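Read off the chains here:
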Amino acid sequence: MTEEERLAKNTRIREQGKLTREKRKGQVCRVYRVKIDISHLNEAQRVHLKMLFVEAKWLYNDALTFTQKNDINDYDTTTHTVQGLDKDKQPITHELEYLGSQMKQSVIQGIKHSLKSLASLKKHNHTVGSLRYKSDYVSINLQQHRVTYRFYDEKHIGLQGFKERIRIKGANQFWNIPNLELANAKLLNLPDGYYLAVTTYQNSGGET
């Protein structure tokens, strides 16, 4: 992609964002949580889900180290390897095998938002610390329905990187609501299992 094409793409994204934000002003936002049915996952899928959060933690901590001497905007979100420490605090290289491209971007975007919030607080004379390394990563933002995640039906979803459908419970909360628009979702790793928290929008009063 040339520099001109990149700038044109960024302009289109900004304009689309403006249109979406304007549209959201007249809509009601609700978040519904569905649970992944782990009893229907095979061993490869179980490992994949687990490693998404492990690799997100590795990526987050590597990017945080990067920010000590560099601008986070210069971090390479296409990287397939990150640096970390093993249990003996010795340097180690981790391979990113499971985390998809948009999931990587969402991890880095989270750091950018946090740094921006800290800078804003500091600007208004609040005492702020610095971002801390994570020992666990429990929430991965899935930016786009039909790209990083999708609903096939009331009982099955797809996730970026998974070849097979994943069975879920709880989508009956919203499945038959008319004119409901699915936005981003968050993949959650909670003590009692894996969940998908889906952000939805509906025109006020449910109109089209």
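Residues numbered from 1 in each chain as written. Predicted model: local features only at pLDDT ≥ 70, side-chain atom pairs only at ≥ 80, totals over all residues. Heavy atoms only, no water.

### Some remarks on the sheet that holds strand E6 (residues 156-159)
Judged by pairing direction, the sheet is antiparallel, and its seven strands sit side by side in the order E4-E8-E9-E1-E7-E6-E5 without closing on themselves. Strand pairing shows two members of the sheet lacking a second neighbour, strand E4 (139-142) and strand E5 (149-153), which therefore form its edges. Neighbour to neighbour, the strand axes of the sheet diverge by 35° on average, direction disregarded. Pairing analysis gives four bridges linking E5 to E6, with the strands arranged antiparallel. In the sheet register, tyrosine 149 faces E6, and the bridge partner there is leucine 159. (Pairing = 2+ DSSP bridges. Helix = DSSP H or I, 4+ residues; strand = E, 2+ residues; numbered from the N terminus. Axes fitted to C-alpha atoms, helices over the stretch in contact; angles between N-to-C directions.)

### Remarks on the environment of aspartate 37
Locating aspartate 37 in the fold gives a position in the loop between strand E1 (27-36) and helix H2 (43-66). Between the C-alpha atoms of aspartate 37 and lysine 155, which are 118 residues apart in sequence, the distance is 9.6 Å. Beyond its immediate chain neighbours, meaning those up to four positions away, aspartate 37 contacts Arg167, Ile168 and Lys169. Here histidine 40 takes part through its side chain, which lies 3.0 Å from a polar atom of the side chain of aspartate 37. (Contact = heavy atoms within 4.5 Å. Polar contact = N/O pair within 3.5 Å; in protein donor to acceptor, adjacent residues only side chain to side chain.)

### What about the pairing of E1?
Pairing between E1 and strand E9 (residues 193-203): nine bridges, direction antiparallel. By the bridge assignment for E9, cysteine 29 is matched with tyrosine 201. Relative to strand E7 (residues 166-169), E1 is paired through two bridges, and the arrangement is antiparallel. Along E7, the bridge assignment pairs lysine 35 with lysine 169.

### What to know about the pattern of salt bridges
On inspection of all chains with the given rule, the structure shows one salt bridge. With a shortest N-O distance of 3.5 Å, aspartate 88 and lysine 87 are connected by a salt bridge. Residue lysine 87 is classed as exposed on the basis of its relative accessible area, which comes to 75%. (Salt bridge = Lys/Arg side-chain N within 4 Å of Asp/Glu carboxyl O. Buried < 20%, exposed > 50% of the residue type's maximum accessible area, 1.4 Å probe, protein only.)

### Quick notes on unusual backbone geometry
A positive phi angle, close to 75°, is found at arginine 146, a residue other than glycine. By the element assignment, arginine 146 lies in the loop between E4 and E5. Residue classification places arginine 146 among the exposed positions, given a relative accessible area of 57%. For asparagine 179, which is not a glycine, the phi torsion comes out positive at approximately 60°.

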